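One-letter residues, chain by chain:
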Amino acid sequence: MSGPTIRVKRAYEPVDAEDGVRVLVEGLWPRGLSKTAAAVDLWLKDIGPSRALRQWFNRDPSRWAEFKRRYAEELDALASRSPAIAALAGAVRRGRVTLLFGARDERHNLAVALQSYLSRT
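Rules used throughout
Residues numbered from 1 in each chain as written. Predicted model: local features only at pLDDT ≥ 70, side-chain atom pairs only at ≥ 80, totals over all residues. Heavy atoms only, no water. Helix = DSSP H or I, 4+ residues; strand = E, 2+ residues; numbered from the N terminus. Buried < 20%, exposed > 50% of the residue type's maximum accessible area, 1.4 Å probe, protein only. Lys, Arg positive; Asp, Glu negative; His and termini not counted. Salt bridge = Lys/Arg side-chain N within 4 Å of Asp/Glu carboxyl O. Polar contact = N/O pair within 3.5 Å; in protein donor to acceptor, adjacent residues only side chain to side chain. Expected span 1.5 Å × (residues − 1). Contact = heavy atoms within 4.5 Å. 1 Å grid on protein atoms, 1.4 Å probe; cavity = no way out; pocket = protein on both sides within 12 Å on 5 of 7 lines; lining within 4 Å. Points joined across faces, edges and corners; volume = space filled by probe spheres on them. Nonpolar A, V, L, I, M, F, W, Y, C, P; charged D, E, K, R; others polar.

Caption draft 1: Highlighting the side chain of R10. Along the chain, R10 turns up in strand β1 (residues 6–10). At 4.9 Å, E106 is the nearest oppositely charged side chain to R10, a buried residue that forms no salt bridge. A distance of 3.2 Å separates a polar side-chain atom of R10 from the backbone oxygen of G102. Here the side chain of R10 touches A103 through a polar contact of 2.9 Å, landing on its backbone oxygen.

Caption draft 2: Representation of the pattern of salt bridges in the model. What the rule picks out here adds up to eight salt bridges. Note that R22 is salt-bridged to D19, the shortest N-O span being 2.5 Å. Judged on exposure class, the residue R22 and its partner D19 are both buried. For R63, the salt bridge is made with D60, and the minimal N-O distance between the two is 4.0 Å. The exposure class of R63 is partly exposed, given its relative accessible area of 31%. Put simply, R7, K9, D19 and R22 are held in one network by salt bridges that share partners.

Caption draft 3: Region of the structure containing helix α4 (residues 83–94). The first and last C-alpha atoms of α4 sit 17 Å apart over 12 residues, in line with the 16 Å expected at 1.5 Å per residue. Among all positions of α4, only A84, I85, L88, G90, A91 and V92 are buried. Those residues of α4 that are buried are in contact with β1, β2 (21–24), α3 (64–79), β4 (97–101) and α5 (110–119). Put simply, S82 is the residue that caps the front of α4, since its side-chain oxygen is 3.1 Å from the backbone nitrogen of A84. G95 lies just past α4 and shows a positive phi near 155 degrees.

Caption draft 4: Molecular detail of the layout of surface pockets. Within this model, the largest pocket holds a volume of roughly 980 Å³. E26, R54, R59, G102 and A103 are, among the 25 residues lining the largest pocket, the residues nearest its centre. Across the lining of the largest pocket, the residue classes break down as 10 nonpolar, six polar and nine charged.

These figures come from the coordinates and say nothing about function on their own.
See the structure below:
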C-alpha cells in the first residue's frame with residue numbers, strides 16, 4: 001500500500017473530487033477568489049516562510065534549492081511551537097491532501113516546498 005498522497009494546485013483551479021482535504025497554505029487569501037469557489041477545508045495562515053526568507057527568495061528560481069532548505073529549517077522550528085504543522089500532518093495521515101497556493105509560478109512556490117518537506121522520509 002502506498003503512503004498518503006499530497007497534491008499541489010493553484011487555489012484558482014476548480015475543485016476536483018480527487019482533492020481530498022483542501023488546505024490553503026498562504027498567509028493572505030488569494031485575490032479575487034471567493035470562499036465558496038475555493039472550497040478550503042483548512043487555512044494554515046502561519047505555515048508560510050518568514051518574511052525575511054520570502055524577501056530573500058524574491059521568486060528567483062536560481063535560489064529555489066536554498067529556499068527549500070531554509071524553509072524546511074523554519075518548519076522544523078515551527079513544529080515545536082505551532083499547531084499548524086500538527087494539523088497538516090494529521091490531515092496527511094488520514095488521507096489525500098491538496099495544498100493550495102495563489103502564486104503564478106507553479107514550480108517555485110511555498111506549497112511545492114511544503115509538499116517536498118511533508119514527503120521526506
